[in-house]
Amino acid sequence: MDGRELLRSVKVLGSVRGLRTVRTAWRLRRTDTWGLAARGPERARVPGPLAAAEALPGGGVLRFARSGLRITVSAGGTVFWGWDGAEPLPSYALAGEAPEPDPRAALEPDTDGGWRIVSERVTVAVSRHGAVEVRTPGGVVLRRDLPPRWWEPVAGGPARWAQRSEVPADARFFGLGGRTGGPRLRDGSYRLWNTGPRGLPGPEDGPLSLTMPVQFVVSDAGTHLAFHDNSWDGRVTLAEGEEGAGSGHDRPGTAEVRMEGGPLRCWVVVGTPARVLHGWAALTGAPALPPSWALGLQHVSRGAGGADEVRRVVDGYLERGLPLAAVHLEGGPDGGHGVPGDGRERSAGLPGLAEELRERGVRLVSVVEPAVRAEPGRARYEEGRAAGAFVRDARGAEVHGVAGSGDCAYPDFTDPEVRRWWGGLYEERLRQGFAGVAHTGDEPLVPGPFGNRTLPRSARHALEGRGGDHREAHNVYGLAMARAGYEGLRRPRPQERPFLLSRSGWAGTQRYGGTWSGEVSAGWPGLRASLALVLGLGLCGVPYTGPGPGGTGGSPSPELYLRRLQLAAWLPLFRTRTAGGPGRGEPWEFGPEVLEHARAALAERERLRPYFGTLAGLARMTGAPYVRPVWWGAPEDRALRDCEDAFLLGDALLVAPVLHRGADRRAVRLPRGRWYDTATGRAYEGPGQVLVEAPLARVPVLARAGAVIPVSGADGRLALEVWAPAVGRTGGGLVVRDTGDGWEPAEIERYRSRRVDGRVVVERVTDAGVAEVGLPVRVRGCGQEP
C-alpha cells in the first residue's frame, strides 16, 4: 500500500478507522512475509515411464519411474485416482467413508503397454506414460487427463502441480461453483479462491464467494463431472474445442487445473445429468432439506431501526396482501444480530418480537459473521480466547482483522472443538426466537478500504488435527463454519430441520443448508448473473440457492426491480431486501403498477409452494437441483447446450425470464415435445425456437404437455394441475407431500396422465397398480393445438 492509497483510506473511512485499516493491512502482509518461506529454486517432475502394476479390489496401483498412481472404480461407477500416494481421505468434500470398490472391476493389461479397468458403467485406461482416459462402456472417450507435472521447491515444501485434460471437441463446460459469467463457461482462466463481493460485479466479474474445482462437462459422447479434491488456491483454464479444425481434424476442448499445493487426486462421475448428480450427492452428501416455511419469500432488513423497522416491513407486506415467510436481521460485530451472544442490550426484546411475528406467520433469521470483536473484557472474545478458538499466526499470536470500530479475531472452524463451542452459541439465537441463521463474511474476509482481504496465508489452522495453514484452510473455512452452525442448531432441537444459509462454502456445502452467493450488479446485467449463479451451483450439487437480494450499484428502476423480483420468485431461495434504510426495497415503493404485478408474482409462488416442496424433497433423495439447464433431459441437443437465458424448474416447467430493458416479448428455445404457455394456454411444439409474449405483468412460463404439478388449491389444500398430453402420448409427475419442519420421512407419489376417448385421465400409480387420485384435479390445455 503506497502513500496515495493511505491518503485515500483516510478520506474514505475517516482518520481513525482509515489508519487502523491500513495498519491491519500492513500487519497481515508482514505476517506472510515471515510466516511463509520463500519457494526458491524448484525442480520439475513428471511421472516417467510405467514400471510396475499391482491389482487391488476395483482397480490397483501403477508405479511409474517418479510417481505412483492409485486408481479405483466404485460399485456405483464413480472413479477415483490419486498421484503420489494421495488417498480419498481425509477430505472436507466427502460425506463419510469413500465408496466401496466394485469387486467385479479388475485391473488388466491394455494395448501399448498400458492398463485398464473395465466396469459396467465406465472404462478407465492408463497409458504407459501416465495419461488417464475415462471412456463409456462402448469405448467412446469422455475425458483424457495427460500426465501431470509437479514443481517441487529444492529446499522442501508443498509442490505446485498442473493437470491438463482433453474433452471432445463439441463439449461445453459448466460448474466451478457460483460463476456470474456462466452457466456455460467460456474460454478463460477461472480462480479457485473464495474472495466474496468485488466492487460492482457483473457477468464477468464475481462475486466469487463459493468456488469449487468441479467441472460439469456435456458432450455428444456423454456427461461427466470431474472433481479435483484439493482446497488450495488454484486456477482452471478452459478452452472449448472445435470440430474440423486443422486439416479436417477435431481440436479437443481442454481444461488445465493448476494448484499451489496439496494432493493431486480426482473423482469422476459419468452418466446422464440426473445420474451424475445422484452419484455426486452419494459421494459428498445429500442436500439438506429446508424447513417448509423457507420456500416462501424472505426479506432482509438492513441497517439500524430495531423492532420498529421490522414491524414496518412486516406490516407493509401483510397489510397489502403480500405473503412473507421470514425477515433476516442483519448486523455485524458491533450489532446485536452479528456474532452470537454479542450486543445483548439490543437483543433483550427479541423473544417477544419473534413470538409476535410467528403468530402472524413470519419467522426471524439471524445474520451471523465469523468475526469476533477482539476487545478485552468482551465476554464472547474472552471465552473464545480462553478456549484457544481463534486463528493464530506462525508465532502463536492471534490474527486480527479490522471490522466496524475495532479489531476482530476469527474462530478456527477446522478444529472440531472450536466448531462445537461456536455451534453452542447458536442455542442462544434459538432462545431469542430466531428460526434460523444466515452466514455472511465467511470466505473469510477482512474488510478494507479497497476491497476485502483474506486472512494471511501463513495463519495456522487445526485442519482436523493434521495441522496446516490458511493456504489449505481458506476455501473450506465457510464450509466448516456451516457445519458448526448446522450442528449447533440441531443439537438443542433435534426434532426440527435446521435452517442455515452460507455465503461461502466448498464442495459438500449442500449437506448443511443453502447458499447465497453475495451481491450481483443492481443493473440489468445482474439478472443474467443471478441466473448463472443458481444454475452453476445446482450443477455442483447445491440445489437450494439464490443470489444476494437487491444487488449493488444504486437503486433500480421500477421495471428492473419488477423483473428482478419476477425472476427471484422462480428460484429456490427467494429473498428481497430493504436498501440501506426505509424505502426503495419493498414492492410498494415503486408505484401501484409494480405493486400489483409483484402481488401476482408472489401469489403464483405461493400457489406453487407444493411443487417447490416436491423439488426440495427430490433434491434430498436424488441430488437433482430445483433449477436445471434446458438441456437437462436432452444433453445431446447442441442448441439447448448453448441456451443460457431460460431454465427448467423441475421437469414440468420452463421459465424464460426477461433480462433486457423494455422487452415485452422474447424468444424461447424449447426442448422436444409439446409446451403450453401457462398464461395464454397456447401450445408450441419443440424442439425449436418460438416467440412468446412477455408483458410487464409476468415472465413467460411454459408447462410440458402431460405434466402433473402439485399446487395449492383455492382453499389452500393440495391439488393437482394437469397439462393435457398430446394425442397418443402420456405424461406424469411426482408429488412429495409436506411433512412439516421435522424429520418425518416423505414418500414419493407417482401420477400418470393420458388421453382416453378425447378426455384426460389422471391416475395414481402404486406398487400394487393404479389407484384413485384422491385429490382435486384441474386439467388445462385441452383443445389447444400448435
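Residues numbered from 1 in each chain as written. Predicted model: local features only at pLDDT ≥ 70, side-chain atom pairs only at ≥ 80, totals over all residues. Heavy atoms only, no water.

Residue-level account of the overall build of the chain, with values.
The helix and strand tally for the chain stands at 14 helices and 45 strands. Burial analysis of the chain (786 residues in total) assigns 58% to the buried set. Long-range contacts, defined as pairs at least 24 residues apart, comprise 67% of the intrachain contacts of the chain with a sequence gap of at least 6. (Helix = DSSP H or I, 4+ residues; strand = E, 2+ residues; numbered from the N terminus. Buried < 20%, exposed > 50% of the residue type's maximum accessible area, 1.4 Å probe, protein only. Contact = heavy atoms within 4.5 Å.)

Before we move on, could you go through the confidence of the model for the chain and cite the residues and values that matter?
The predicted model of the chain averages 89 in pLDDT, with 88% of residues at 70 or higher. Here residues 1–13 scores under 50 on pLDDT; set against residues more than four positions off or in separate chains, the count is 22 contacts. Long-range and interchain partners of residues 332–346, a stretch whose pLDDT sits below 50, account for 57 contacts in this model, where long-range means more than four residues apart. (pLDDT = per-residue confidence, 0-100.)

Please set out helix α13 (residues 609–622) residue by residue, giving values where relevant.
With 14 residues, α13 should reach 20 Å at 1.5 Å per residue; the first-to-last C-alpha distance of 20 Å fits that figure. Where α13 is concerned, the buried positions are Y611, F612, T614, L615, A616, G617, L618 and A619. Once α13 ends, the next one or two residues include G623, with phi positive near 85°. (Expected span 1.5 Å × (residues − 1).)

Summarise the nonpolar core; cite the residues concerned and give the values.
The biggest cluster of nonpolar side chains holds 77 residues, and the ones touching the most others in it are F216, F227, W422 and L654. For this core, the element with the highest residue contribution is helix α9 (residues 470–490), accounting for 10 residues. Residues within four places of L654 in sequence aside, it is in contact with V630, A646, F647, L648, V668, R669, L670, P671, W675, P700, V701 and L702. (Core = buried A, V, L, I, M, F, W, Y, C linked by side-chain atoms within 4.5 Å.)

Provide a residue-level description of the pattern of salt bridges, including the pertinent values.
Scanning the model with the defined rule gives 58 salt bridges in all. Of the charged contacts in the structure, one is a salt bridge between R143 and D145, with a shortest N-O distance of 3.1 Å. Residue R143 is classed as buried on the basis of its relative accessible area, which comes to 1%. With a shortest N-O distance of 2.6 Å, E644 and R186 are connected by a salt bridge. Of this pair, E644 sits in the loop between α14 (638–641) and β34 (647–649) while R186 is found in the loop between β13 (172–177) and β14 (188–192), placing the two residues 458 residues apart along the sequence. Shared partners join several salt bridges into a network, and the residues in it are D170, D220, E243, R638 and R641. (Salt bridge = Lys/Arg side-chain N within 4 Å of Asp/Glu carboxyl O.)

Please provide a residue-by-residue account of the packing of helix α11 (residues 558–568) against helix α12 (residues 592–607), values included.
Each pair of packed helices gets described by two things: the angle between the helix axes and the distance between those axes. It is at 10 Å that the axes of α11 and α12 come closest, and there the two elements cross at 5°. Our classification of the angle between α11 and α12 gives roughly parallel. Between α11, through P558, Y561, L562, L565, Q566 and A568, and α12, the contact on the second element is made entirely by V594, H597, A598, A601, L602 and R605. Residue composition of the contact of α11 with α12, grouped by class: 9 nonpolar, 2 polar and 1 charged. (Axes fitted to C-alpha atoms, helices over the stretch in contact; angles between N-to-C directions. Parallel < 35°, antiparallel > 145°, perpendicular 65-115°, else oblique. Nonpolar A, V, L, I, M, F, W, Y, C, P; charged D, E, K, R; others polar.)

Tell me about the sheet that holds strand β40 (residues 718–723), residues and numbers included.
Here we have 3 strands laid out as an open sheet, ordered β39-β40-β45, and mixed in their pairing. The sheet terminates laterally at β39 (708–712) and β45 (777–780), the two strands that pair on one side only. Going from strand to strand, the sheet's axes swing by 30° on average, the running direction of each strand aside. Of the pairings in the sheet, the one linking β40 to β45 comprises 4 bridges and is parallel in character. Across the sheet, W723 pairs through a bridge with R780, a residue of β45. Packing against the sheet, α13 makes contact with β39 and β40, and its axis sits at approximately 120° to β39. (Pairing = 2+ DSSP bridges.)

Residue-level account of unusual backbone geometry, with values.
With an omega dihedral of 5°, the bond running from G182 to P183 counts as a cis peptide bond. When you line up the elements, P183 lands in the loop between β13 and β14. Cis peptide bonds are those with omega within 30 degrees of zero, and the linkage from E443 to P444 qualifies with -5°. Tracing the sequence through the fold places P444 in the loop between β26 (436–439) and β27 (460–461). Of note, the phi angle at D112 is positive, near 55°, even though the residue is not glycine. Even without glycine at this site, D757 takes up a positive phi of about 55°. Its place among the elements puts D757 in the loop between β42 (748–756) and β43 (759–766).

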